[in-house]
Amino acid sequence: IVEICDVLGVNRSSYYKWKNSSKSNKELQDEDLAALILEYHESFDGILGYRRMTEFINHFNGTTYSYNYVRRIMRVLKVKSRIRQKKSNYKKVKPEQVGENIPDYPNQKWLTDVTEFKIPGYKQKLYLSAILDFYSKDIVAYKISTHNNNKLVFDTFDIALEKYPDAHPIFHSDRGFQYTSKQFKFKLDEAGMIQSMSRVGKCIDNGPMEAFWGTLKSEMFYGVKFDNLLILKRKIEEYIYFYNNFRLQSNLKGMTPNEHRYHAYSSFIYF
């Protein structure tokens, strides 16, 4: 120790003072937060920026860390979200109609659509059909297939109906061939549901569903390499489970979709 202190030019008394000193509460808190940040960064596949990192940590740990505090620790750790916001060249405009069919409780209005995934180098694609509850924003049912056909959409609908057999929502979709078929209209009528469709060329009418596709692809698909369709399918399934059960949303009062749904069950008597 004497030799090391001489080489470093440090007094022995200073060395022993440092050695015997205990960490302050602030240092211990910084270390606890740093450990949580590293854990959440890995667990959520690097999709959390400092704001969402703060919300996730506070929500699941009962803490009250501020955005600036979490951002400072993330900078020290050199932890960044792998998601980058795309710059938009369009200007926001005020919609002609807003808030006409906003539901008051779960299973009052369902939205549906089909989206595709393609891995570079693969001719075959994956198609994801999903039904989203407009109130709680949870994915009620989904189905993944290599074929975009009536069966894909019908199977998705059957899964939703099996999950909520007493639901009679307004069922909204675009004007895809599956949804305009007589067979699908028959299924809706049989289930006691009212069909609703977007206006021609107005994808904004199905905005919440389109928003989910954008969120899903930006957080688990874009910028990620998939070796085969089986791995991609599994990642989609894992993401939907994460989205329903763990992904906090500010427009749901900081709850996850499933938390918001179950909160409604305790607040409304409608079933």
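Nothing here was measured: the structure is a model prediction, and the numbers come from that model.

Participant: An account of the overall build of the protein chain is requested, with residue identities and associated values reported.
Facilitator: Within the protein chain, the regular secondary structure consists of ten helices and five strands. Expressed as a percentage of the 271 residues in the protein chain, the buried residues total 40%. By sequence separation, contacts in the protein chain at least 24 residues apart represent 61% of the contacts at least 6 residues apart.

Participant: Provide a residue-level description of the pairing of strand β3 (residues 139-145), including the pertinent values.
Facilitator: For β3, the buried fraction is high: five of the seven residues fall into the buried class. The pairing of strand β2 (residues 126-133) with β3 spans six bridges and is antiparallel. Note on β3: the bridge partner recorded for Ser129 is Lys143. In textbook terms, the turn of a hairpin is the stretch between consecutive antiparallel strands, and for β2 and β3 this stretch comprises five residues, one of which, Lys137, has a positive phi near 65°.

Participant: Provide a residue-level description of the packing of helix α3 (residues 25-43) against helix α4 (residues 50-61), including the pertinent values.
Facilitator: Axis separation between α3 and α4 bottoms out at 11 Å; the angle between their running directions is 105°. Compared by their axis directions, α3 and α4 come out roughly perpendicular. Taken together, the residues of α4 that come into contact with α3 (itself represented by Leu33, Leu36, Ile37, Tyr40 and His41) are Met53, Phe56, Ile57, Phe60 and Asn61. Along the lines of polarity and charge, the residues of the contact of α3 with α4 split into eight nonpolar, two polar and no charged.

Participant: Tell me about the pairing of strand β1 (residues 109-117), residues and numbers included.
Facilitator: Burial analysis of β1 places eight of its nine residues in the buried class, the great majority of the element. As judged from the eight bridges shared by β1 and β2, these two strands associate in the antiparallel manner. From the neighbouring strand, Phe117 faces β2, where its bridge partner is Leu126.

Participant: Could you give an account of a nonpolar patch on the surface, naming the residues involved and the relevant values?
Facilitator: Among the surface-exposed residues, Ile4, Val7, Leu8 and Val10 lie close enough to one another that they form a single nonpolar patch of about 410 Å² accessible area. Considering the arrangement of structural elements, one finds Val10 in the loop between α1 (2-8) and α2 (12-20).

Participant: Could you give an account of the nonpolar core, with specific residues and numbers?
Facilitator: Judged by nonpolar contacts, the single largest core of 43 residues is most densely connected at Ile37, Phe117, Phe212, Met220 and Leu232. Where this core is concerned, the elements lending two or more residues are α3, α4, α5 (67-77), β1, β2, β3, α8 (207-220) and α9 (229-245). The leading source of residues in this core is α9, at seven residues. Not counting residues within four places of it along the chain, the set of residues in contact with Met220 comprises Arg82, Phe117, Phe226, Leu232, Lys235, Ile236 and Tyr239. Counting 19 residues, the second largest nonpolar core, distinct from the first, contains Trp110, Val114, Leu152 and Val153.

Participant: An account of the pattern of salt bridges is needed here, citing residue identities and associated values.
Facilitator: This model, assessed by the stated rule, comprises 14 salt bridges. We note a salt bridge from Asp158 to Lys187, for which the minimum N-O separation is 2.8 Å. Taken together, the residues Asp158 in helix α6 (residues 150-163) and Lys187 in helix α7 (residues 182-191) connect sequence positions 29 residues apart. By relative accessible area, Asp158 is classed as partly exposed at 34%.

Participant: So what's going on with unusual backbone geometry? Which residues, and what values?
Facilitator: You will see that Asp45, though not glycine, has its phi angle at about 55°, which is positive. Along the polypeptide, Asp45 turns up in the loop between α3 and α4. Take Asp45: its relative accessible area is 48%, and that puts it in the partly exposed class. Backbone geometry places Lys78, a non-glycine residue, at a positive phi of 60°.

Rules and cut-offs
Residues numbered from 1 in each chain as written. Predicted model: local features only at pLDDT ≥ 70, side-chain atom pairs only at ≥ 80, totals over all residues. Heavy atoms only, no water. Helix = DSSP H or I, 4+ residues; strand = E, 2+ residues; numbered from the N terminus. Buried < 20%, exposed > 50% of the residue type's maximum accessible area, 1.4 Å probe, protein only. Contact = heavy atoms within 4.5 Å. Pairing = 2+ DSSP bridges. Axes fitted to C-alpha atoms, helices over the stretch in contact; angles between N-to-C directions. Parallel < 35°, antiparallel > 145°, perpendicular 65-115°, else oblique. Nonpolar A, V, L, I, M, F, W, Y, C, P; charged D, E, K, R; others polar. Patch = residues over 30% accessible without salt bridge, like charges linked within 9 Å, V, L, I, M, F, W, Y side chains within 5 Å. Areas by Shrake-Rupley, 256 points an atom, 1.4 Å probe, with all protein chains shown as cover. Salt bridge = Lys/Arg side-chain N within 4 Å of Asp/Glu carboxyl O. Core = buried A, V, L, I, M, F, W, Y, C linked by side-chain atoms within 4.5 Å.

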